[in-house]
Amino acid sequence: MSGTRELGAVEVERLTRRGLRLAQFTVAYNVVEGAVAITAGLLAGLVSVVGFGVDSGIESIAAVLVGLRLAARLRHGDTDERKERLTLKAVAVTFFLLAAYVTVEGVRSLLDGEAPESSPLAIGLLVASIVVMPVLASMKRAVGRQLGDNLILADAAETRICVLLSVSTLAGVGLYALTGATWLDPVAAFVIAAFAVHEGWEAWEGELVEDDDDD
């Protein structure tokens, strides 16, 4: 929290409340996004869209952790760093579980050769994510940098990864709708798995903030 030394108490509180509102919005948006994505993916047999929905749930967990930390800071001015580190490792494990799920389902889909149905709902949801998430990530990053808050910056990095997941999933679903190639959706699922492993490993090692600073 070294960045807060240059800010007054009133400004720190204002930014902290702003960060809390962004975390709350992230949870609300991702819960809706995840529910719609999983439903649309299951109905259409789109593995990558289901994986995208599960990832939305994981991002909600990260946003809840940020929100709890900021709420505690507003109440008491401190938090339990040890518990935060342990919780972040638990979140990292969920990324590995996500990667395993979409990999298994992607392999199964390739072996079965079943053609998924087209899903305008899934495409619309992914387009909305590509529009909303970059703005949300930018707002989080601005607050995190001003406060010098590592957890907010890590959460912003996760939101930016959601943009990449949205693009890769949309590419797989959209190209299938155009070409009818059944292997495109499983390949998009494997891309999600790779991102999940990368994100999970960095969360486990606590290196998301360093990557944020390198951007």
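Note that the coordinates shown come from a computational prediction; the quantities given were computed from them, not determined experimentally.

Enquirer: Which residues make up the nonpolar core, and what values go with them?
Expert: Counting 29 residues, the largest nonpolar core has L46, V49, F52, V66, M133, L147 and I152 as its most contacted members. Contributions of two or more residues to this core are made by α1 (9-44), α2 (47-76), α4 (120-147) and α5 (150-179). Tallying contributions element by element places α1 first for this core, with nine residues. Beyond its immediate chain neighbours, meaning those up to four positions away, I152 contacts V66, L70, K140, V143, G144 and L147. With 10 residues, the next largest nonpolar core counts V47, I58, L98 and A99 among its residues.

Enquirer: Can you explain a nonpolar patch on the surface? Please cite residues and give values.
Expert: Nonpolar side chains collect at one region of the surface, where V93, L97, W201 and W204 lie side by side and expose about 400 Å² of accessible area between them. Taken together, the elements giving at least two residues each to the nonpolar patch come down to α3 (81-112) and α6 (184-205). Structurally, the position occupied by V93 is in helix α3. Owing to a relative accessible area of 36%, V93 belongs among the partly exposed residues under this scheme.

Reading the values: the criteria
Residues numbered from 1 in each chain as written. Predicted model: local features only at pLDDT ≥ 70, side-chain atom pairs only at ≥ 80, totals over all residues. Heavy atoms only, no water. Core = buried A, V, L, I, M, F, W, Y, C linked by side-chain atoms within 4.5 Å. Buried < 20%, exposed > 50% of the residue type's maximum accessible area, 1.4 Å probe, protein only. Helix = DSSP H or I, 4+ residues; strand = E, 2+ residues; numbered from the N terminus. Contact = heavy atoms within 4.5 Å. Patch = residues over 30% accessible without salt bridge, like charges linked within 9 Å, V, L, I, M, F, W, Y side chains within 5 Å. Areas by Shrake-Rupley, 256 points an atom, 1.4 Å probe, with all protein chains shown as cover. Salt bridge = Lys/Arg side-chain N within 4 Å of Asp/Glu carboxyl O.

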